[in-house]
Amino acid sequence: MSDLKELLDREARLVEAAPEALESVLHRRDRKRRNQRIAAGFVGIAVFVAAVWMVTDGGWLDRSEVPADQTPSRFVDTWTSTEFYSGSSQTMTIRPAADGALDITLHDDSSWLCSTRQNRLGGVDTPSTLTGTGRLLDATTLVVPSFQVCPSGDALDVGPSTVEERATSYTLVLDVATDRLFDNLGVAWHRGATPENAADTTTECEILEPQVGSPGTCSMLRGEVTFRAAEPWFAHLDSYIDPRLFVLTSGPGLQGRLVTMDATIEILANPNPLPEGPCYRYPRLPASAEALVQAIRSNPDLGVTVPVAERVGRIDALRMDVAPVPGASRCPNGGVPVVSTSNSGWGTMGPAELGRLYVLDLPGGSARTLVIMIMASEAAFERAVEAAAPVVESFEFHAG
Amino acid sequence: MEEIAYGDAMEAGQADFADFFRAEYQTLLRAMYLISGSRDEAEELAQDAFVKALERWDRVREMDNPAGYLYRTAVNTRSSVARRLRLAAQRALAPRPPDVIGESDDRDQIRRGLATLPGSQREAIVLVEWLGLTDAEAGRVLGVSAGAVRVRISRAKASLRPLMERSSV
């Protein structure tokens, strides 16, 4: 048998770093900063215009006045979203078409989809556009079978790409309560401009290293959700990678990442009910808090207390305690799954751990729900809950 | 285009970032190429990971294993939903030419073989077999246990075995 490493090596050597790669990274960093400044300025203007409109003309929009028979037309508008990782903006325009169909145009302001390699390396923004036609499945569900891609017009399957989910078309669901669209790739779309939030400049926790140890304001979802944390909690490395996730551990948070997790607080945006089969799935249509709670309570692998209404950051939440039952099925990381996340390894608890969950619908922004999971061994659970209380009490929501 | 003197643009305290970049970029780029099968995607992932590292350089430089942060970031970024959508579009735009009988060599075989593996197995085999990480180190990058990494590699090797045997003939 040929040596696998040698074959991989031969393949890898086909790719060489461009001489200007470092400059390209610096260009990207500068472009990102510039876009953030532009977005902040735009939002300031939008807030001012909205304030003037409310005072002088329209007053608050009363959504209950929208006639039921006009609900489908509520899709017709311009919607925006922000890409979780890069922060680039995407715009979606939905217009009426013939035979009750709807034309959809997706536009990304700085995608590499239609850009040349020279542009990409040079950090030059290259917009891209996708177009498609969809139909309403019901008053709040729009289905788009395929898109045409810039500029060649090739058909594109945009549904989730795992084989078992591939039959699903791109789907948009209108959440009437918050006037947002959620798609089955886990993205939230906002009517008009993306509501940036005032907390976007909040510094992240300064508790990465145990020896630093000072309390700090932690932020996730690009500042839409903030909370305060101090010792004994330390931020886990993953908290600085995925904006939809924050993990606080009571052990050393970083050293070699071989952490002693005596207790953890996982804060998960848009987790989903467990799928059948594998523990982790790429994002799906985000579930509501109610659906999440129902799924957790009906999980035969978990013992769950009756949910109690509480407030987290002045938002209604449901609190419940969970414990895996003996012999509960486990994920590859050894944990018993509680919720499904797209970031493997989280949303599970140790088979001998107890957990306290807070589940809530976010009032707006880029995610639909938030789950706060406090987990520790039975012996340490009460102390962990006590230590976590100031963190839970400090939550603030800056979108919506 | 405006000329920018990047030597001056590097902010105070970030001078060692350039050294870190030179030491790690090529290997990260190649690892992402093996995982993704696409030069463009590899370039995107590697560059994005370095931008994130640069934004947090004060912290990342103090880590025991800053390169681990890079790989974790790149692997996580790969699962970003919007990125997935764009990549699907990119694949639709540039379909690979059909294979011609008799033209395949070892390199084509390993490329095709990797492409048939689930992403999780591909990530594990590149990190361990090519990059030389231990199972535990790869587990930390991928967010799974060392045992799970071993299982993934074992399954990947089983899938690649027929291909490897053909290439050794």
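Our structure is the block above this text.
In this text the structure is predicted, and so the values were computed from the model without any measurement. (Residues numbered from 1 in each chain as written. Chains lettered and ligands numbered in written order. Predicted model: local features only at pLDDT ≥ 70, side-chain atom pairs only at ≥ 80, totals over all residues. Heavy atoms only, no water.)

### Focus on the overall build of chain A
Short version of the rule: Secondary structure elements follow DSSP: runs of H or I of four or more residues count as helices, runs of E of two or more count as strands, with numbering from the N terminus. Using a 1.4 Å probe on the protein chains alone, a residue whose accessible area is under 20% of its type maximum counts as buried, one over 50% counts as exposed, and one in between counts as partly exposed. Throughout, a residue-residue contact means that at least one pair of heavy atoms, one from each residue, lies within 4.5 Å. Areas reported as accessible are Shrake-Rupley estimates using a 1.4 Å probe. Residue values count occlusion only from the protein chains shown.
What chain A contains, in helices and strands, is five helices and 23 strands. Burial analysis of chain A (400 residues in total) assigns 52% to the buried set. Intrachain contacts of chain A at a sequence separation of at least 6 include 56% that bridge at least 24 residues. A total accessible area of about 17,300 Å² is found for chain A, and carbon and sulfur atoms account for 55% of it.

### Quick notes on the overall build of chain B
Within chain B, the regular secondary structure consists of 10 helices and zero strands. Secondary structure elements in chain B, listed N-terminal to C-terminal, are α-α-α-α-α-α-α-α-α-α. The proportion of buried residues among the 169 residues of chain B is 55%. Carbon and sulfur atoms provide 48% of the accessible area of chain B, an area that totals close to 7,400 Å².

### Comments concerning the sheet that holds strand 23 (residues 396–397) of chain A
Rule in force here: Strands were regarded as paired on the criterion that DSSP finds at least two bridges between them.
With antiparallel pairing, the three strands of this open sheet are ordered in space as 11-12-23 (chain A). Every interior strand has two partners, whereas the edge strands, strand 11 (216–220) and strand 23 of chain A, have only one.

### Notes on the environment of Thr133(A)
Residues and elements named next belong to chain A. For clarity, the cut-off: Side-chain atoms alone can form a polar contact between residues adjacent in sequence; in general such a contact is a pair of N or O atoms within 3.5 Å, and within protein one must be able to donate a hydrogen while the other accepts it.
Examined against the element boundaries, Thr133 turns out to sit in strand 4 (residues 128–138). Classification of Thr133 as partly exposed rests on a relative accessible area of 41%. When neighbours within four sequence positions are excluded, Thr133 is seen to be in contact with Ala101, Leu102, Asp103, Ile104, Val144, Pro145 and Ser146. Among the polar contacts made by the side chain of Thr133, one reaches the side chain of Asp103 at a distance of 3.1 Å.

### Some words on helix 4 (residues 289–297) of chain A
Residues and elements named next belong to chain A. We apply this condition: By construction, the arc corresponds to the directions joining the helix axis to the C-beta atoms.
Of all the residues in helix 4, the buried ones are Ala289, Leu292, Val293 and Ile296. An end-on view of helix 4 places all buried positions within 95° of arc, on one side of the element. Each element contacted by the buried residues of helix 4 is listed here: strand 16 (302–304), strand 18 (315–324), strand 21 (353–361) and strand 22 (369–377).

### Examining the nonpolar core
Side chains that are nonpolar tend, in soluble globular proteins, to be buried together. Where we set the bar: We define a nonpolar core as any set of buried Ala, Val, Leu, Ile, Met, Phe, Trp, Tyr and Cys residues linked to one another through side-chain atoms lying within 4.5 Å.
Among the nonpolar cores identified, the biggest contains 94 residues, and Leu370(A), Phe395(A), Phe17(B) and Met32(B) are the most heavily contacted of them. Apart from residues lying up to four places away in sequence, Phe395(A) is in contact with Val225(A), Thr226(A), Phe227(A), Ile267(A), Val312(A), Gly313(A), Leu370(A) and Ile372(A). The next biggest cluster of nonpolar side chains, apart from the first, holds 22 residues, and it includes Ala328(A), Leu357(A), Val359(A) and Met375(A).

### Some remarks on the side chain of Ser394(A)
Residues and elements named next belong to chain A. By the element assignment, Ser394 lies in the loop between helix 5 (381–393) and strand 23. On the basis of relative accessible area, Ser394 is assigned to the buried category, the value being 16%. A polar contact is formed between the side chain of Ser394 and the backbone oxygen of Val391, at a distance of 2.7 Å. Ignoring any residue separated from it by four or fewer positions in sequence, one finds Ser394 in contact with Thr226, Phe227 and Arg228.

### So, unusual backbone geometry
Residues and elements named next belong to chain A. In this structure, Asp179 takes a positive phi of about 55° despite not being glycine. As for its placement among the helices and strands, Asp179 is situated in the loop between strand 8 (170–175) and strand 9 (180–183). Among the residues examined, Asp179 registers a relative accessible area of 9% and is labelled buried. You will see that Arg314, though not glycine, has its phi angle at about 65°, which is positive. Relative to the helices and strands, Arg314 is located in the loop between strand 17 (308–312) and strand 18.

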